[in-house]
Amino acid sequence: TGTLSASAARTGRIFGAAVASSHLTGDQQYANTLDTEFSGVTPENEMKWETTEPERGSFNFAPADIIVSHAQSHNMKIRGHTLVWYSQLAPWVNDIATGSELLQVMKNHIANEMGHFKGKIWYWDVVNEAFNDDGSRRSTNNVFQQKIGDSYIEEAFKAARLADPNAKLCYNDYDTDGINEKSTAIYNMVKDFKARGVPIDCVGFQSHMIVDQVPPDYQENLQRFAALGIDVQVTELDIRMSTPVSDADLQSQADNYQRVVKACLAVSHCNDITVWGVTDKYSWIPQYFSGQGAALLFDDNYKKKAACNLVIQTL
Ligand code: XIL
């Protein structure tokens, strides 16, 4: 018994969910579950560039504002997601001719979007998914890397600090949950940023995982980043399995979620666990990973799954 948010609050942590404005306004049970169980929100798509600046210099914050005002009226923390990302980028950005112009476009985007939400955002994912699995910079389809080069990341963080000095600033990525070439490259970047005074406050570990494949060194990885003097957050947690589901997989999923929660609790600077959706009903997984699903804590009927009960008990 109890709720995710109340249990997390006992150690000063936030338990959040990715939220879609359409479901928030269109599905009462969705809103009720969010309000009862969660203390944080991340807009699932509403703060991405294709939505917020679909044409150059014309900004649309209406969908995100729905989520932000709901969160504020329910005393929830808000994670801003995300300012600079190669994906879900407005197409026009890919047509900017030179690196120097693109840098201005990027800084302008950050200033406008962070300016609009100034004072309301707890942590911002300033840059998302900038590395390849082998630790090199992601260049494929990434106009920022191609036209500006490695420095776009630090330029983005500097612009972000100026735009909202009270917001904490994160670098966010996936498949970085264990110690591997990708997470080590990010670790080295953060270490370098700290040494040179480039503003960064946090690394987000998306943690899109597969049942029975939680990296054994998950906690050790969080710990080494925290030791650099930053916060660490579990930003997009889901643990998927083949569908239709088996009881055995649901039990393993509960154990796996518990491992993640224990890892975060063991690291004092891990202050947030956010799952990537309120309910399996609307999870992104079935659409992106064919034959997979059931990755979240509430089932299609908003019933608490075994994983949810174990998370509450463990927090
Ligand atoms: C996903 C959303 O959940 C989907 O609705 C959308 O179609 C694609 O993006 N990493 C991220 C998130 O940082 O923004 C992605 O969200 C999932 C992977």
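For clarity, every value in this text was computed on a predicted model and none was experimentally measured.

### Focus on the layout of surface pockets
In this model, the largest pocket occupies a volume close to 720 Å³. Lining the largest pocket are 31 residues, and of these Glu129, Gln206, His208, Trp284 and Phe289 sit closest to its centre. Of all elements in the fold, only β7 (208-210), β8 (231-242) and α12 (285-288) reach the threshold of two or more residues within the lining of the largest pocket. Sorting elements by how many residues they give to the lining of the largest pocket places β7 first, with three residues. Here the residues of the lining of the largest pocket sort into eleven nonpolar, 13 polar and seven charged.

### Details of the site of the ligand
What surrounds the ligand is a group of 14 residues, the closest being Glu44, Lys48, His81, Glu236 and Tyr288. His81 places a side-chain nitrogen or oxygen 2.7 Å from an oxygen atom of the ligand. Between the ligand and Asn128 there is a distance of 3.0 Å, counted from an oxygen atom to a side-chain nitrogen or oxygen. When the free accessible area of the ligand is taken as 410 Å², the share hidden by the protein chains comes to 86%. If you map the ligand onto the pockets, it falls in the largest pocket. Among the residues making up the shell around the ligand, the classes are represented as four nonpolar, six polar and four charged.

### Thoughts on empty space enclosed by the protein
Enumeration over the complete set of coordinates arrives at one cavity of 30 Å³ or more. If you add up the space inside the largest cavity, you get close to 50 Å³. As for the largest cavity, its lining consists of Ala18, His23, Tyr30, Glu44, Trp276, Gly277, Val278, Thr279, Tyr282, Ser283 and Leu296. Each residue belonging to the lining of the largest cavity can be placed in one class, and the counts come to six nonpolar, four polar and one charged.

### Comments concerning the nonpolar core
If you look at the biggest cluster of nonpolar residues, it comprises 100 residues, and the most contacted ones within it are Phe15, Trp124, Val127, Phe144, Phe157 and Leu297. Each residue touching Val127, except ones within four places of it in the same chain, is listed here: Thr82, Val84, Tyr152, Ile153, Ala156, Phe157, Cys170, Tyr171 and Asn172. Counting five residues, the second-largest nonpolar core is a separate cluster that includes Trp122, Tyr123, Cys170 and Cys202.

### Some thoughts on the packing of aromatic side chains
A complete count under the given rule lists 17 aromatic pairs for this structure. Ring geometry for Trp49 against Trp92: centres 6.2 Å apart, planes inclined by 65°, an arrangement best described as edge-to-face. Of this pair, Trp49 sits in helix α4 (residues 49-52) while Trp92 sits in the loop between β3 (77-84) and α6 (99-116), and the two are 43 residues apart along the sequence. Judged by its relative accessible area of 2%, Trp49 is buried. The exposure class of Trp92 is buried, given its relative accessible area of 13%. On the numbers, 5.6 Å between centres and 90° between planes, the contact of Tyr187 with Phe225 is edge-to-face. Of this pair, Tyr187 sits in helix α9 (residues 181-196) while Phe225 sits in helix α10 (residues 218-226), and the two are 38 residues apart along the sequence. One exposure class covers both Tyr187 and Phe225, and it is buried.

### Concerning helix α3 (residues 28-37)
Taken together, the buried positions of α3 are Tyr30, Ala31, Thr33, Leu34 and Glu37. With its buried residues spanning 165° around the axis, α3 presents them on a single face. Turning to α3, the residues buried within the fold contact α1 (4-9), β1 (14-19), α2 (21-26), β2 (40-43), α5 (62-73) and α13 (306-314). The backbone nitrogen of Gln29 lies 3.1 Å from a side-chain oxygen of the residue at the head of α3, namely Asp27.

### So, the pairing of β1
Of all six residues in β1, six are buried; the element is thus mostly enclosed. By the alternation rule, side chains of β1 split into Ile14, Gly16 and Ala18 and Phe15, Ala17 and Val19, which are all buried. Pairing geometry for β1 and strand β9 (residues 270-275), over four bridges, is parallel. Its bridge partner lying in β9, Gly16 is registered against Thr274.

### A short note on the confidence of the model for the protein
In the predicted model, the protein carries a mean pLDDT of 98, and 100% of its residues have values of at least 70. For the protein, the element scoring lowest by mean pLDDT is α2, at 97; strand β4 (residues 123-128) scores highest, at 99.

Parameters and conventions
- Residues numbered from 1 in each chain as written.
- Predicted model: local features only at pLDDT ≥ 70, side-chain atom pairs only at ≥ 80, totals over all residues.
- Heavy atoms only, no water.
- 1 Å grid on protein atoms, 1.4 Å probe; cavity = no way out; pocket = protein on both sides within 12 Å on 5 of 7 lines; lining within 4 Å.
- Points joined across faces, edges and corners; volume = space filled by probe spheres on them.
- Helix = DSSP H or I, 4+ residues; strand = E, 2+ residues; numbered from the N terminus.
- Nonpolar A, V, L, I, M, F, W, Y, C, P; charged D, E, K, R; others polar.
- Near = heavy atom within 4 Å.
- Polar contact = N/O pair within 3.5 Å; in protein donor to acceptor, adjacent residues only side chain to side chain.
- Areas by Shrake-Rupley, 256 points an atom, 1.4 Å probe, with all protein chains shown as cover.
- Sits in = over half its atoms within 2 Å of the grid points.
- Core = buried A, V, L, I, M, F, W, Y, C linked by side-chain atoms within 4.5 Å.
- Buried < 20%, exposed > 50% of the residue type's maximum accessible area, 1.4 Å probe, protein only.
- Contact = heavy atoms within 4.5 Å.
- Phe/Tyr/Trp six-rings, centres within 6.5 Å; stacked < 30°, edge-to-face > 60°.
- Arc of directions from axis to C-beta.
- Pairing = 2+ DSSP bridges.
- pLDDT = per-residue confidence, 0-100.

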